Amino acid sequence: MVVKVYGPDFASAKRVLVCLIEKEIEFETVPIDILKGQNKDPDFLNLQPFGVVPVIQDGDYTLFESRAIIRYYAEKYKCQGTDLLGKSIEERGAVEQWLEVEAQNYHPAIDNLVIEILVARKKGIPSDAKAIEESEKKLGKVLDIYEERLSKSKYLAGDFFSLADLSHLPFTKYLADMGKMYLIEERKHVKAWWDDISSRPSWKVVSSSRWPLLE
């Protein structure tokens, strides 16, 4: 059964696509044009009542929220493709811990920057300079903690690539689009980590492909 992924053009959905490629799972994509309001169509709201992408359909099973989806596939196909959860309960705990750090600490700061810089630019509205400054400071503090962590291990959960690292890929790429990559580059261990995970074949495919087709 081929997995359907709705909304492949958006960053959170790309988190799912990278996971599927790492796990060697066949999938197809279904574009959702949010600017045209397709995410508010009744058929889509039957799949995702909040009208947000991504959503997956796996046979009769439907699941939304990108981090829930990647956890699901990492567990369901644990013995297939890249092991993204670790080999022990302690490693799994570390993966879950840093996934939560990404969701609760890293993502909010970078998402605010995306809204104030990239979204504002696209809509042709002025950015809030104070909000940008505050979000950048918050992100910098998080990255200082990452720098300390990554001085002791190659990846966030240990010496293995996991969901915790994978989950950072789509939104961190936006730093380059916003001219903020110095936040990564000025931290030696964070930069080495980013260079490593962003060079993975799965991310290269996802970040360079044109959707809905995966070439």
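Details of the structure are given in the entry above.
These remarks concern the structure in this document. (Residues numbered from 1 in each chain as written. Predicted model: local features only at pLDDT ≥ 70, side-chain atom pairs only at ≥ 80, totals over all residues. Heavy atoms only, no water.)

Remarks on the pairing of strand β4 (residues 61-64)
As defined by bridge partners, strand β3 (residues 55-58) adjoins β4 across four bridges and the pair is classed as antiparallel. What sits directly across from Asp-58, in β4, is Tyr-61. (Pairing = 2+ DSSP bridges. Helix = DSSP H or I, 4+ residues; strand = E, 2+ residues; numbered from the N terminus.)

Quick look at the pattern of salt bridges
By the definition in use, this model includes 16 salt bridges. The residue Asp-58 makes a salt bridge to Lys-76 at a minimum N-O spacing of 3.2 Å. Here Lys-76 lies in helix α3 (residues 66-76) and Asp-58 lies in strand β3, a separation of 18 residues in the sequence. When its relative accessible area of 41% is taken as the criterion, Lys-76 is described as partly exposed. The salt bridge partner of Asp-196 is Lys-154, with a shortest N-O separation of 3.6 Å. Taken together, the positions of Asp-196 in helix α9 (residues 188-197) and Lys-154 in the loop between α5 (129-150) and α6 (163-166) put the pair 42 residues apart, joining distant regions of the chain. Among the residues examined, Lys-154 registers a relative accessible area of 47% and is labelled partly exposed. The structure contains a network of salt bridges with shared partners spanning Arg-71, Glu-75, Arg-92, Glu-96 and Glu-100. (Salt bridge = Lys/Arg side-chain N within 4 Å of Asp/Glu carboxyl O. Buried < 20%, exposed > 50% of the residue type's maximum accessible area, 1.4 Å probe, protein only.)

What to know about α3
Of all the residues in α3, the buried ones are Ser-66, Arg-67, Ile-69, Ile-70, Tyr-73 and Ala-74. For α3, the angular spread of buried residues about the axis comes to 160°, placing them on one side. Buried residues in α3 make contact with β1 (3-6), α1 (11-22), β3, β4, α4 (89-123) and α6. (Arc of directions from axis to C-beta. Contact = heavy atoms within 4.5 Å.)

What to know about the side chain of Ser-202
Note that Ser-202 resides in helix α10 (residues 201-208). Judged by relative accessible area, which is 5%, Ser-202 ranks as buried. A polar side-chain atom of Ser-202 sits 2.6 Å from a polar atom in the side chain of Glu-22. In contact with Ser-202, not counting residues within four places along its chain, are Val-18, Ile-21 and Glu-22. (Polar contact = N/O pair within 3.5 Å; in protein donor to acceptor, adjacent residues only side chain to side chain.)

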